[in-house]
Number of protein chains: 2
Amino acid sequence: MASPERFRKIRQMLLRRQTSLTVVMDNVNKSHNLAALVRSCDAAGIHEIHAVSRRKHIFTRHNAAAGSSKWVNINLYHDIESVYSRLRDDGMQVLAAASTEKSVDFREIDYTLPTALILGAEWDGISEDAVRSADQCIGVPMFGMVESLNVSVAGAVIIFEAQRQRLLKGMYDHPALTETQMNRLLFEHTYP
Amino acid sequence: MASPERFRKIRQMLLRRQTSLTVVMDNVNKSHNLAALVRSCDAAGIHEIHAVSRRKHIFTRHNAAAGSSKWVNINLYHDIESVYSRLRDDGMQVLAAASTEKSVDFREIDYTLPTALILGAEWDGISEDAVRSADQCIGVPMFGMVESLNVSVAGAVIIFEAQRQRLLKGMYDHPALTETQMNRLLFEHTYP
Ligand SMILES: C[S@@+](CC[C@H](N)C(=O)[O-])C[C@H]1O[C@@H](n2cnc3c(N)ncnc32)[C@H](O)[C@@H]1O
Ligand SMILES: C[S@@+](CC[C@H](N)C(=O)[O-])C[C@H]1O[C@@H](n2cnc3c(N)ncnc32)[C@H](O)[C@@H]1O
């Protein structure tokens, strides 16, 4: 059983979880990028994320190292369409992160709305399908020579802008998980 | 020789370079983290960075992959003291990034001042010496279970806050490099 201190820490984390903010990793392949992204999600209070992958097993090597996939639920899909139908059901605005000319500056977005952020693969970027079905493309401004940022970096910069806005709006002070969800998760995390 | 288009792109980049913003990597070891950091620096217009390493060669594998270390000058040191004396000479405020209780929220800092950001190693974090000599410790707020962010993520989140503030203040509209520096760099980058 968890110590009282640990119990409090887990409870505190659950009270701050943001069910109306999520991330979709569209064929992001490298495990160190996935691990870094999950850590950022945890720190921003993201409860659940989605990963599209053609491969069967992602999160292998770095899983243990990061230790954060224990705290952030990761749903796996084989195609982006299934993720989109889920996001529509959840009433999310869908933002595709892409460093293109037509992308809106990520700082202009209201992330206090229910929001899903789609991130693309290291080499191929975000898929055509994912861009077509998104509400908007957003970009992190770049003033140098390099064409794109590392995917876990681009994701984090946007995720922490969402954290900033949600903090200002007091969204970490009101629990988003229901009492039932809270109690079930507390039990799962604190009993062996 | 570079095409006129490429020449313009490089000139544009040099006009936006921020000589009064820099990053120090205090024994950051993993090449993928170094590569991601250099890409972020390039995108924020950082001209020059500093790396402390006990090893002789860093930036090996990922050097070519990122392609950004061509555009950001990287000074190597064997100890942090040498970096600090350089930063003091340059009149920089020195901020140590650390996820500790006593760290100030990174969003409260004025990054339009001449600023150096110190980032720590993946396992050991920032060295005692580096913290002791810094003006301030700054932290990215975390609301989850994980104790720290990936170093390239933490660095990027802070670097892009600096970019935001400098953008607002019009600091990308006025060249920081001298005419002589500009011309020399343009020549170096455009002639074979
Ligand atoms: C390394 S980039 C992909 C580069 C790919 N060659 C392309 O052209 O899209 C990986 C992912 O990071 C995200 N990304 C990288 N830089 C970004 C930026 N400046 N703004 C928004 N998203 C970015 C995007 O989701 C992108 O698909
Ligand atoms: C993986 S962390 C190091 C963790 C190490 N175990 C420690 O206790 O410091 C690597 C570096 O990233 C930076 N970092 C990570 N999370 C941070 C945060 N929330 N705020 C500020 N810097 C952070 C710091 O510079 C840190 O030294």
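These numbers were taken from a predicted model, which means no experiment stands behind them.

The rules behind each value
- Residues numbered from 1 in each chain as written.
- Chains lettered and ligands numbered in written order.
- Predicted model: local features only at pLDDT ≥ 70, side-chain atom pairs only at ≥ 80, totals over all residues.
- Heavy atoms only, no water.
- Helix = DSSP H or I, 4+ residues; strand = E, 2+ residues; numbered from the N terminus.
- Buried < 20%, exposed > 50% of the residue type's maximum accessible area, 1.4 Å probe, protein only.
- Contact = heavy atoms within 4.5 Å.
- Buried area = accessible area lost by both parts, 1.4 Å probe.
- Salt bridge = Lys/Arg side-chain N within 4 Å of Asp/Glu carboxyl O.
- Polar contact = N/O pair within 3.5 Å; in protein donor to acceptor, adjacent residues only side chain to side chain.
- Nonpolar A, V, L, I, M, F, W, Y, C, P; charged D, E, K, R; others polar.
- 1 Å grid on protein atoms, 1.4 Å probe; cavity = no way out; pocket = protein on both sides within 12 Å on 5 of 7 lines; lining within 4 Å.
- Points joined across faces, edges and corners; volume = space filled by probe spheres on them.
- Near = heavy atom within 4 Å.
- Patch = residues over 30% accessible without salt bridge, like charges linked within 9 Å, V, L, I, M, F, W, Y side chains within 5 Å.
- Areas by Shrake-Rupley, 256 points an atom, 1.4 Å probe, with all protein chains shown as cover.
- Axes fitted to C-alpha atoms, helices over the stretch in contact; angles between N-to-C directions.
- Left-handed = near helix turned anticlockwise from the far one by under 90°.
- Pairing = 2+ DSSP bridges.

## Quick word on unusual backbone geometry
Residues and elements named next belong to chain A. Phi is positive for Asn27, which is not a glycine, with a value near 65 degrees. Position of Asn27 relative to the elements: it lies in the loop between strand E1 (21-26) and helix H2 (31-43). For Asn27, a relative accessible area of 12% corresponds to the buried category.

## Some details on the interface of chain B and chain A
Across the contact, 35 residues belong to chain B and 35 residues belong to chain A. Overall, the association of chain B and chain A removes approximately 3,400 Å² of surface from exposure, summing both partners, and the carbon and sulfur fraction of that is 65%. Scanning the region where chain B abuts chain A turns up two salt bridges. Between Lys9 of chain A and Glu147 of chain B there is a salt bridge whose closest N-O contact spans 3.3 Å. At the junction of chain B with chain A, the criterion picks out 19 residue pairs in polar contact (both at pLDDT 80 or more). Sorting the residues of the side of chain B that touches chain A by element identifies helix H1 (4-16), helix H2 (31-43) and helix H6 (151-168) of chain B as the ones contributing at least two each. Examining the composition of the side of chain B that touches chain A, we find that eight residues originate from one element, H6 of chain B, more than from any other. Taken together, the residues of the side of chain B that touches chain A break down into 18 nonpolar, eight polar and nine charged.

## Examining empty space enclosed by the protein
Enumeration over the complete set of coordinates arrives at six cavities of 30 Å³ or more. If you go around the largest cavity, the residues you meet are Phe106, Arg107, Val157, Phe160, Glu161 and Arg164 of chain A together with Phe106, Arg107, Val157, Phe160, Glu161 and Arg164 of chain B. Residue classes in the lining of the largest cavity are distributed as six nonpolar, no polar and six charged. Considering only enclosed or pocket space, the second largest cavity measures out at about 50 Å³ in volume. What lines the second largest cavity is simply Leu21, Thr22, Val23, Ile46, Leu95, Tyr111, Thr115, Leu117, Ile158, Ile159 and Ala162 of chain B. Secondary structure elements with two or more residues in the lining of the second largest cavity: strand E1 (21-26), strand E6 (115-119) and H6 of chain B.

## Quick notes on the site of ligand 1
All names here are of chain A. Around ligand 1 lies a shell of 19 residues, among which Ala97, Gly120, Trp123, Val140 and Leu149 are the nearest. Contacts to ligand 1 include Ile126, whose backbone N or O atom sits 3.4 Å from an oxygen atom. The residue inventory of the shell around ligand 1, partitioned by class, reads 12 nonpolar, five polar and two charged.

## Points about a nonpolar patch on the surface
Residue and element names in this part refer to chain A. Residues Met1, Phe187 and Tyr191 make up a contiguous nonpolar surface patch of about 380 Å² in total accessible area. Relative to the assigned elements, Tyr191 resides in the segment after helix H7 (179-190). Classification of Tyr191 as partly exposed rests on a relative accessible area of 38%.

## Quick look at the side chain of Asp26 of chain A
All names here are of chain A. Examined against the element boundaries, Asp26 turns out to sit in strand E1. Only 2.9 Å separates the side chain of Asp26 from the side chain of Ser127, close enough to count as a polar contact. With sequence-adjacent residues up to four places away left out, Asp26 is seen in contact with Val52, Ile80, Ile118, Leu119, Gly120, Ala121, Ile126, Ser127 and Ala130.

## Comments concerning the site of ligand 2
As a structural note, the neighbourhood of ligand 2 is formed by 19 residues, with Ala97, Gly120, Trp123, Val140 and Leu149 of chain B the closest of them. Two or more chains meet at ligand 2, and those chains are chains A and B. Ala98 of chain B has a polar backbone atom sitting 3.5 Å from a nitrogen atom of ligand 2. A distance of 3.4 Å is found between an oxygen atom of ligand 2 and a backbone nitrogen or oxygen belonging to Ile126 of chain B.

## Observations concerning the packing of H1 of chain B against helix H7 (residues 179-190) of chain B
Residues and elements named next belong to chain B. Across the interface, H1 lies against H7 with an axial gap of 10 Å and an inter-helix angle of 145 degrees. Once H1 is placed against H7, the crossing between them reads as right-handed. Contacts between H1 and H7 involve Phe7, Ile10, Arg11, Leu14 and Leu15 on the former and, on the latter, Met182, Leu185, Leu186, His189 and Thr190. Its residues assigned to classes, the contact of H1 with H7 shows seven nonpolar, two polar and one charged.

## Section: the pairing of E6 of chain B
All names here are of chain B. Burial runs high along E6: five of the five residues are buried. The alternating pattern of E6 places Thr115, Leu117 and Leu119 and Ala116 and Ile118 on opposite faces, both of which are buried. With five bridges joining them, E1 and E6 adopt parallel strand pairing. Residue pairing for E6: Leu21 is matched across the bridge by Thr115. Pairing analysis gives four bridges linking strand E4 (residues 93-97) to E6, with the strands arranged parallel. Bridged to Leu95 within E6 is Leu117.

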